[in-house]
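Structural overview
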Amino acid sequence: MAKELLKIEHITKSFDETVILRDLSLTVKEGEVLVIVGPSGCGKSTFLRCINGLETIQEGSIYLDGEKINDRSANLEKVRQKIGMVFQNYELFPHKTVLQNITMAPMLVQKKPKAEAEKEALSLLERVGLSDRKNFYPRQLSGGQKQRVAIVRALAMHPEILLFDEVTAALDPEMVREVLDVMLDLAKEGRTMIVVTHEMSFARAVADRIVFMDGGNIVEEGTPSEFFDNPQTDRAKKFLSTFSFDRIEKKDEYAGNPI
Amino acid sequence: MDLEVMKEYMPLYREAFFLTMKIGWIGILGAVIIGFAAAVVRLLKIPVLHRILGAYIELFRNTPLLVQLFFLYFGLPKLGLSISAPFCGALGLMLLGGAYMAETFRSGFEAIPVLQTETARALGMSKFQTTVHVLLPEALSVSMPGFTANMIFLLKETSVFSAISLMDLMFTAKDLIGLYFRTVECLTLLVVFYLFLLLPVSILGSIVERRVRYAEFGA
Ligand SMILES: Nc1ncnc2c1ncn2[C@@H]1O[C@H](COP(=O)(O)OP(=O)(O)O)[C@@H](O)[C@H]1O
Ligand SMILES: [Mg+2]
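About the criteria used
Here the residue numbers are simple positions, counted from 1 along each chain's written sequence. Whichever chain is written first becomes A and whichever ligand is written first becomes 1, with later ones labelled in order. Local features in this predicted model are restricted to residues whose pLDDT is 70 or higher, and side-chain atom pairs enter the listing and the counts only when it is 80 or higher, whereas totals over whole chains, interfaces and linings include all residues. Note: side-chain values were computed over all heavy atoms of the structure, leaving out hydrogens and water. Secondary structure elements follow DSSP: runs of H or I of four or more residues count as helices, runs of E of two or more count as strands, with numbering from the N terminus. Only C-alpha atoms enter the radius of gyration, while the globule expectation follows 2.2 Å times N to the 0.38, with N the number of residues. Burial classes: relative accessible area under 20% of the type maximum marks a residue as buried, over 50% as exposed, and values in between as partly exposed (1.4 Å probe, protein chains only). Contacts are assigned to residue pairs with any non-hydrogen atoms lying within 4.5 Å of each other. Neither His nor the chain termini are counted; the positive set is Lys and Arg, and the negative set is Asp and Glu. Here the site of a charge means atom NZ of a Lys, CZ of an Arg, CG of an Asp or CD of a Glu. Grid spacing is 1 Å over the protein atoms alone, the probe is 1.4 Å, and a cavity is where that probe fits but cannot get out, while a pocket is an open set with protein on both sides within 12 Å along at least five of seven lines and lining residues have an atom within 4 Å of a point. Grid points are joined across faces, edges and corners, and a volume is the space filled by probe spheres set on the points. Three classes are used: nonpolar for Ala, Val, Leu, Ile, Met, Phe, Trp, Tyr, Cys and Pro, charged for Asp, Glu, Lys and Arg, and polar for all others, with Gly counted as polar. The term polar contact refers here to a pair of N or O atoms within 3.5 Å; inside protein, the definition further demands a hydrogen-donor-capable atom paired with an acceptor-capable atom, and it admits residues adjacent in sequence only when both atoms are side-chain atoms. In short, buried area is how much 1.4 Å probe accessible area vanishes from two parts on joining, totalled over both. The salt bridge criterion pairs a side-chain nitrogen of Lys or Arg with a carboxyl oxygen of Asp or Glu, the two atoms within 4 Å. What counts as an axis is a line fitted to C-alpha atoms, over the stretch in contact for a helix, and the angles between N-to-C directions run from 0 to 180 degrees. Orientation categories follow fixed angle ranges, with anything under 35 degrees roughly parallel, anything over 145 roughly antiparallel, 65 to 115 roughly perpendicular, and all other angles oblique. Crossings are assigned a handedness: left-handed for a near helix turned anticlockwise from the far helix by less than a right angle, right-handed for a clockwise turn. One heavy atom suffices: a residue is near a molecule or strand as soon as one of its heavy atoms comes within 4 Å of it. Each accessible area is a Shrake-Rupley result for a 1.4 Å probe, and residues are judged covered by the shown protein chains and nothing else. Pairing between two strands requires that DSSP report at least two bridges joining them. In this scheme, patches are assembled from residues that exceed 30% relative accessible area and form no salt bridge. Like charges are connected within 9 Å, while nonpolar side chains (Val, Leu, Ile, Met, Phe, Trp, Tyr) are connected within 5 Å.

Regarding the overall build of chain A
Regarding its fold elements, chain A presents nine helices and ten strands. Since a compact globule built from 259 residues should have a radius of gyration of about 18 Å, the 20 Å found for chain A is in line with a globular shape. Projected onto the principal axes, the alpha-carbon positions of chain A cover approximately 75 × 45 × 40 Å. Within the span of chain A, comprising 259 residues, buried residues form 50% of the whole. Considering only contacts within chain A whose residues lie at least 6 apart along the sequence, 67% involve residues at least 24 apart. A gap of 5 Å separates the mean positions of the 35 positive and 40 negative side-chain charges of chain A.

Quick notes on empty space enclosed by the protein
Tallied over the full model, the rule gives two cavities of 30 Å³ or more. Roughly 80 Å³ of volume is contained in the largest cavity. Considering the residues around the largest cavity, the lining is formed by Met85, Val86, Phe87, Tyr90, Ala150, Arg153 and Ala154 of chain A together with Thr119, Ala122 and Leu123 of chain B. Contributions of two or more residues to the lining of the largest cavity are made by strand E6 (83-86) and helix H5 (143-155) of chain A together with helix H5 (114-122) of chain B. When residues in the lining of the largest cavity are grouped by element, the largest group, three residues, is from H5 of chain A. Looking at the lining of the largest cavity, its residues break down into eight nonpolar, one polar and one charged. Considering only enclosed or pocket space, the second largest cavity measures out at about 30 Å³ in volume. Glu166, Val167, Thr168, Leu180, Met183, Val195, Val196, Thr197 and Phe202 of chain A are the residues that line the second largest cavity.

Some words on the environment of Glu216 of chain B
With respect to the helices and strands, the residue Glu216 of chain B is situated in helix H8 (residues 183-217). On the accessibility criterion, Glu216 of chain B (15% relative accessible area) is buried. The contact partners of Glu216 of chain B, leaving out residues within four places of it in the chain, are Pro94, His95 and Arg139 of chain A together with Glu138, Ser141 and Val142 of chain B. Engagement of the side chain of Glu216 of chain B in a polar contact is seen with the side chain of Ser141 of chain B, the distance being 3.1 Å.

Points about the interface of chain A and chain B
With 25 residues of chain A at the contact, the number on the chain B side is 22 residues. Together, the buried faces of chain A and chain B total about 2,100 Å²; carbon and sulfur atoms form 61% of this surface. Remark: the boundary between chain A and chain B carries two salt bridges. A salt bridge links Glu118 of chain B to Arg49 of chain A, with the nearest nitrogen and oxygen atoms 2.7 Å apart. The interface formed by chain A and chain B includes eight residue pairs in polar contact (both at pLDDT 80 or more). Looking at the side of chain A that touches chain B, the elements that each hand over two or more residues are helix H2 (76-82), helix H3 (98-108) and H5 of chain A. Of the residues that constitute the side of chain A that touches chain B, the class distribution is 13 nonpolar, four polar and eight charged.

A few points about the packing of H5 of chain A against helix H6 (residues 173-188) of chain A
All names here are of chain A. One can describe the packing of H5 onto H6 by two numbers: an axis separation of 8 Å at closest approach and a directional angle of 20 degrees. Overall, the two elements H5 and H6 adopt an arrangement that is roughly parallel. Of the two possible hands of crossing, H5 and H6 adopt the one that is right-handed. Touching Gly143, Gly144, Gln145, Gln147, Arg148, Ile151 and Leu155 of H5 are Met175, Glu178, Val179, Val182, Met183 and Leu186, all from H6. Residues that form the contact of H5 with H6 fall into these classes: seven nonpolar, four polar and two charged.

Section: the site of ligand 1
All names here are of chain A. In the vicinity of ligand 1, the contacting residues are Phe15, Ile20, Pro39, Ser40, Gly41, Cys42, Gly43, Lys44, Ser45 and Thr46. Here an oxygen atom of ligand 1 and a backbone polar atom of Gly41 are 2.6 Å apart. Within the backbone of Lys44, a nitrogen or oxygen atom sits 2.9 Å from an oxygen atom of ligand 1. Within the complex, the protein chains bury 56% of what would otherwise be the 560 Å² of accessible surface of ligand 1. A breakdown of the residues in the shell around ligand 1 according to their chemical character gives four nonpolar, five polar and one charged.

A closer look at the sheet that holds strand E1 (residues 4-15) of chain A
Spatial strand order, E2-E1-E4-E5 (chain A): four strands in an open sheet with antiparallel pairing. In the strand order of this sheet, the two ends are held by strand E2 (18-29) and strand E5 (67-68) of chain A, each with one partner.

Describing the environment of Asp172 of chain A
Mapped onto the fold, Asp172 of chain A is located in the loop between strand E7 (161-165) and H6. Between the alpha carbons of Asp172 of chain A and Lys250 of chain A there is a distance of 32 Å; along the sequence they are 78 residues apart.

Re a nonpolar patch on the surface
Residues and elements named next belong to chain B. On the surface, Leu43, Leu44, Ile46, Val48, Leu49 and Ile52 cluster together into a nonpolar patch covering about 530 Å² of accessible area. Those elements giving two or more residues to the nonpolar patch turn out to be helix H1 (3-44) and helix H2 (49-61). Assessed through its relative accessible area of 58%, Leu44 is described here as exposed.

Quick look at the side chain of His95 of chain A
Summarising the element assignment, His95 of chain A is placed in the loop between E6 and H3. Residue classification places His95 of chain A among the buried residues on the basis of a relative accessible area of 14%. Once you skip the residues sitting within four places of it in the chain, His95 of chain A turns out to touch Gln100 and Tyr137 of chain A together with His133, Val134, Pro137, Glu138, Ala215 and Glu216 of chain B.

Shape is all these values report; function is a separate question.
In structure tokens, the structure reads:
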């Protein structure tokens, strides 16, 4: 039985008067890949941002490795090193080369010697097929390449859990695959991951568990086949139906008779 | 055009050139410090101070330097505070430049998306590290063209110093023309010395600009 790595208990998050997340609880085990799906604006990004303290929560508790991390006394800079996050728009630092983007935090935050940080960065770049781009600036890379660098940058801190927020949503279709393949690879390796995505077939392939969010809370959860093949709630059914098209029936006079 | 006459005037121009340059650069240095501090205060929205500096910026950006200098040079003594002409010139330039630099730096800071600094924080970097290694370099690279333009603008503005009897380039030229009527020679020297003052800034500025901005914006 794998240990519980991340435990979220009854958290509530509001912006001013508007409640975004209400009484949300969730547990992620070590090595588990959790995929969160749900309509736009339901609070998925906000939820991920609460986990690493980019947003503060009003109620509830978050534990990482048994340690409460949403306390005033918690050292957020320590906690964040254990939580890697990858954003939709890559957010590479435009004034730094690929290599510098990756080694910056290990050197500044974890005080790694430059040579060691670079060696590790290079082997990670190798893994995602980008070692020949190490001296490029972000503006010289394609979207898919930028996102792979962003993933490597997060990995270089040796996080215990990775958060992915719609990391392929800004990519051209032909680049989506190269990023998803990297994530599949990480999942296979046994990394603990929370993935927010709209790529349903990827979700089915990578997830140990699917969580369906709507209106700031978890509406349904289950294994990929439970969720995709046999959704229980009307809201989940309605959501899933937006990803498929029914075969259209053309009126007789048009059938086989294009105008 | 009489080269002999020009040669004769050279020492006077050279002296005025160094005076103009000295006051100009002290003014620019002060302007950068004031502008940077004001931009940070405005960015952090430090209460009260933020509004005061906002008023200062609007006041100095919307009045001519000549008027500001008159106020400092002729107005302050009436309030019992009298300052020397060179100090007055440098102070006026600092205050005018500070207002312009503040706006340039501020727009640089504001051009950096919040997510950039959040990303640095998400990687475990402290506020200070994020500011020094992400926010400042990115903002500076955005502000660089405005920064060079401001420097050139300020150096050109020194030409009104003669109004407070500072023996700068403009003063020297006007004085000599008035005395000897060698208008062509005097004006030619004036142009040449202003070019000496400004061309290096333009050239150096664009070299530094290209270097600073290469990473982000390419050649
Ligand atoms: N900084 C903010 N201030 C106010 N409202 C916000 C802020 N960030 C997000 N929201 C609101 O919170 C809700 C959830 O947003 P988000 O977490 O981005 O949803 P999702 O990622 O599921 O599309 C949205 O209605 C959004 O408008
Ligand atoms: Mg989102």
